[in-house]
Every structure is written in C-alpha cells, then in structure tokens.
Amino acid sequence: MAEQPMIQLENISKQYDGRTIFGGINLSIAPQEIMAIIGPSGCGKSTLLRVISGLETPETGTVKLADNNLTLVFQYSALFDSLTVFENVAFSLIETPDINTHVAHHNYSEEQLRAMVAEKLELVGLGDIQDLYPNQLSGGMQKRVSFARAIMSDPKIILYDEPTSGLDPMASTMIEDYILEVRNQTQATSIVVTHNLSTIHRVAHRVCLLYGGKIQWMGTSQEFFESDNSYARQFAHASLQGPMALRNI
Amino acid sequence: MNSRSQPQLFPLTRLLVRLLLSELNALLYTLGLAAHHLKTACLYFLSGKLSLKQYLEQAAFIGVDALGISLILTLFSGMVIALQVAQELTKQGAGELVGALVSMAILRELAPVMTGFAVISMVGSAYSAELATMTIQNQVDALKVLHVNPVRYLILPRVCASMTMLPLMTILTAMAGIVGGMVISYFIGGLNYNNYLESVWRQVQPHDIYGALVKAAVFGGLIALLSTTIGLSTTGGSREVGISTTRAVVWSFIAMSIADFVLSFIFFSGVS
C-alpha cells in the first residue's frame, strides 16, 4: 500500500517475568483500516494492544503512530465508577490537557458539555442517561458509554479490547454496528482484539492471527474464512484439531 | 541426592524469613514509588494544577469521615489522663498543674496522633481500597489513555486535603481533649474550671501549637501518600485489594510513629 501507515510496529517483543509473550512482531495498518487481532486466550493480543497504546513498554522494537490522538476501549469498560455517565463521557474535555498547551479544556460551559455528551451518547444509541452512575447500567450499556467516552476527543486511532466479550449475540451485533458507525463518523483507524467470528466477518478489513508469540497468519477477513492455512482454518472452524494446542489455550 | 528424605530444620523459620524478605522488598519498592509520586505531585502543585473541586471533595470526605472518631478518641484520652493525675496531684497540693499536664500531653502528642489514627483507619484504608480497585479494574489505565496523570488526578488532591485537614481537625480534637480533662478534673479531683483553664493558659506556648500543627500536617501527608501509592501499585484481584488495604493501614501507623518521634525530638526535646 503506497499510503503511509497510521500504525506501524517494527520488531516488537514483550516479556513478563522472563517469559516471552511475543517477539519480532511487524505490523502495518493503513489509515481508516479496521484490523482484527485474533488468537487463543493468553496469546498476547491484549498485551499487544497495551503496547500500541503506550500502557506497556516493549522490550525491543518501536511503535510508530502517525497521530498521537489515540484511545483504547477496555474489555470491561473501565468507566470511572464514582463519576456519572456525563462526567465519564465529558472526562477528556474536562480533565485531559491539550496536547499543545498542556492546559485542560475548561472553556466549555456545562450546557455545551451536556449537548456534546448527548450527541456522542446518541451515536451509540443511548438516550438520557447522563445522570446515572455506571453501576446503574447493564454491561452492554456500560460498553457503549465507554465507546462514547473514547470518541469524545475525536481520536484518529481507536483500539478495542474484546468489545463483544460477555455480551449476548444481539448486543454483540449492536456493538459491531457501533464500531462501524464510529469508524464512519470519525474516519479513525481501528484495531479490534476479538475471539468473535461474527466480529471478524462483519467488522474487520484485515485479520492478524497471533499464536506462540508470533503472527501466524495475516490476510483479509474474506481470505481468513477461506484460507487453507492450518492456524486460520483451526480458528475459523473452532476446531480442537490443529497446530494450536489445547493446553496452551 | 537424599535431601528429600532429610527432615528440614526450622521449616517455619524459613517461611517466616521469606515472608519478611518479601514484605521488606514491597516496603522498599513502595517507599521509592512514594518518593517519585511526591516529587511529581509537588511539581504539579507548584505549576498550579491542583483541582480545587477535587481538593474540596477530598477535604469534605476526610472531615465527615474522620472528625467524629478523632474527637471521641481525644476526648477520652484527655479524660483518662485527668483521671489518672487529677486526684493524685490534688492530694499532693499540686492541683494547679493538672490543666498544664493534660494540655501538654494532648497538644504535643495525643491530639495529632489520635487524629492521625482516626484518619488512617477511616480515610487511609478507604484511599487504598478505592485506588487499588480502580487499578485492577483498568480505571487507572483509562486515565493514562486519556492523558491524565494519575498522580495529578488521584494523589495530589488527596495529599493536599489530608495535609490541610489534619491540622484543622487537630485544633478541634485538642480542644475536646482539654475539655474532657477539665470535666474529669472537676468531678474526680474537685478542681474548679477556672483554675484548670488558668493552668492550661499558663502552660500552652505558641511552639506547642505550631509543633502540633506541623506534626498533623506531616502525618496527613504521609498517610495520604502511602495509602494512595500502595493502592496504585496493586496488581491482581480482590484478594490483593484486601492485602493493599491492610498494608496501607499498617505502614501508615509505622510511618506515623517514626515521624512522631522525629518531630517530637525536633520540636520538644530541648524545650523544658
């Protein structure tokens, strides 16, 4: 692809307590692309996302981002439970310092902030819940509020850590629709860590299969479901027979 | 090798040593981290990044949570001291010293220390548990992703609130302790209120008050800094939240006791 990549990983490796989680990871993601990172549990998908977001430092390699306006949607929402939905969603506007001036954006009135929060909540299909606390919401609603919080600062890169885990199939479909909607609205580049075949099928442009600390397969989502590669086939058919050993899953 | 068949000597000692080493390791790590957090918090404070709203919320939390219990603790401490000395000193003809003795003990030691105890048990433990839960639920990571430094957002307002509220609370608790001593001196020692208060007035010097206030501010800073640092360095699950909370309480007690000795030495050792 001639276009300059939005995210580029070069020779990334990560260890915990002397154990290598992954090594020699090279990955390039184009602007506005949605990349799904898949693999069995414990293969390092979420760790890779944390490395890209800057929460973890890799042992080797570099992460190059074309834009530092990045956000991460956490697996269990990670909403601030002592704040209301309004305070959670408006958090980045109230507390986050401007990248250039290092001063928080305090120049919005509460009415302006409420209108902006309402707009983002509307985008993820939520109505007037601004004064509720996270523990008053269902799991799916919490997830959607965390989407709204993530897109409040119009990020150029959005990382999703298992966005459909723990949700029923209908709620999962809804979340997948929101990922597509958010991408269309914000033109952001996205990485989605998932186990969910439906998410891969409906959302991802490309798929990267991680296992044994390495990228074992990469291609488009259509190629993934038709691939003869033993790793891709085993994952796509949810089979116990294949190179990915059950004891490591 | 036949090491398996040999009975182990002092197996419990080995376990104990391992536990102590692990606790020492955690202590050194936490102290280093707390020093780093303190430096970062100071830099944020000096650059005017303390949120007034958060500071007031935390100050209100400390006041509401810990003032009642610290008043009760110091009131009864003053009553106990008076109970033990009032009768005896009156018998010896030194009744006019009861107020002086009670006020000195209360101001120099018991008011700041009892207030510190109350704040550790009511506020320090809550800080540690809250921040540990936020850490294991990725809320602290969410702050970092939103480019908000957890030290500025979580530690700075708590440390500032604690450092300013403890001295204010100490003034109130000292008054409660002195009044408690006065009531007991009246009923047990038969001392009238005027003599007691005159004795207090004669004894209390400005440096006693400054010393008590500085002690309280230092205790407040230590309690908040240690509790929040321990909370933020928690990894694991709900069991670790419990361990962090206990650790925050125990280490705050120890740190406060050491600081109490050092500050008493600085302020009061050469006074008399």
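Conventions adopted
Residues numbered from 1 in each chain as written. Chains lettered and ligands numbered in written order. Predicted model: local features only at pLDDT ≥ 70, side-chain atom pairs only at ≥ 80, totals over all residues. Heavy atoms only, no water. Helix = DSSP H or I, 4+ residues; strand = E, 2+ residues; numbered from the N terminus. Buried < 20%, exposed > 50% of the residue type's maximum accessible area, 1.4 Å probe, protein only. Lys, Arg positive; Asp, Glu negative; His and termini not counted. Charge placed at Lys NZ, Arg CZ, Asp CG, Glu CD. Rg over C-alpha atoms; globule rule 2.2 N^0.38 Å. Contact = heavy atoms within 4.5 Å. Areas by Shrake-Rupley, 256 points an atom, 1.4 Å probe, with all protein chains shown as cover. Pairing = 2+ DSSP bridges. Axes fitted to C-alpha atoms, helices over the stretch in contact; angles between N-to-C directions. Salt bridge = Lys/Arg side-chain N within 4 Å of Asp/Glu carboxyl O. Buried area = accessible area lost by both parts, 1.4 Å probe.

(A) Inspection of the overall build of chain B at higher detail. A tally of helices and strands in chain B yields eight helices and zero strands. Secondary structure elements in chain B, listed N-terminal to C-terminal, are α-α-α-α-α-α-α-α. Looking at the 272 residues of chain B, the share that counts as buried comes to 46%. Looking at charge distribution, chain B has the averaged site of its 15 positive side-chain charges lying 13 Å from that of its 12 negative ones.

(B) Structural view of the overall build of chain A. Scanning chain A for helices and strands turns up nine helices and nine strands. Its C-alpha radius of gyration of 19 Å places chain A within 12% of the 18 Å reference for a compact globule of 249 residues. By the burial criterion, 50% of the 249 residues in chain A qualify as buried. Sequence separation of at least 24 residues holds for 65% of the intrachain contacts in chain A that already meet a minimum separation of 6. Surface exposure of chain A reaches about 11500 Å², of which carbon and sulfur atoms provide 48%. In chain A, the 17 positive side-chain charges and the 27 negative ones have mean positions that sit 9 Å from each other.

(C) Broad picture of the sheet that holds strand β4 (residues 60–65) of chain A. Residues and elements named next belong to chain A. One open sheet holds the three strands; their spatial order is β2-β1-β4, and the pairing between them is antiparallel. The open sheet terminates on both sides in strands that have one partner only, identified here as β2 (19–29) and β4. Ignoring which end each strand starts from, the neighbouring axes of this sheet average 20° apart. Sheet analysis places strand β1 (residues 7–16) next to β2, joined by seven bridges and oriented antiparallel. Its bridge partner being in β2, Q8 is matched across the sheet by S28. Taken strand by strand, helix α1 (residues 45–53) contacts β1, β2 and β4, and its axis lies near 120° from that of β1.

(D) The arrangement of the pattern of salt bridges in detail. This structure, assessed with the given rule, holds 19 salt bridges over all chains. Note that A:R202 is salt-bridged to A:D177, the shortest N-O span being 2.5 Å. On the criterion of sequence distance, the pair formed by A:R202 in helix α7 (residues 197–203) and A:D177 in helix α6 (residues 169–186) is long-range, its members being 25 residues apart. Its relative accessible area of 35% is what places A:D177 among the partly exposed residues. B:E57 is the salt-bridge partner of B:K53, the closest N and O atoms lying 3.4 Å from each other. Placement of the pair is B:K53 and B:E57 together in helix α2 (residues 52–91), with a separation of four residues, close to one helical turn. In this structure B:K53 comes out as exposed when scored by relative accessible area, which is 54%. Classification of B:E57 by relative accessible area gives partly exposed; the value is 42%. Among the charged side chains, a salt-bridge network with shared partners connects A:K14, A:R50, A:E56 and B:D141.

(E) Structural view of the interface of chain B and chain A. Taken together, the 16 residues of chain B in the interface contact 20 residues of chain A. Roughly 1500 Å² of surface becomes buried between chain B and chain A when both sides are summed, with 60% attributable to carbon and sulfur atoms. In this structure, the connection of chain B to chain A is made through two salt bridges. For A:E95, the salt bridge goes to B:R152, with nearest N and O atoms at 3.5 Å. Among the secondary structure elements, those contributing two or more residues to the side of chain B that touches chain A are α4 (139–145) and α5 (150–189) of chain B. Considering each element in turn, the side of chain B that touches chain A owes the most residues, six residues, to α4(B).

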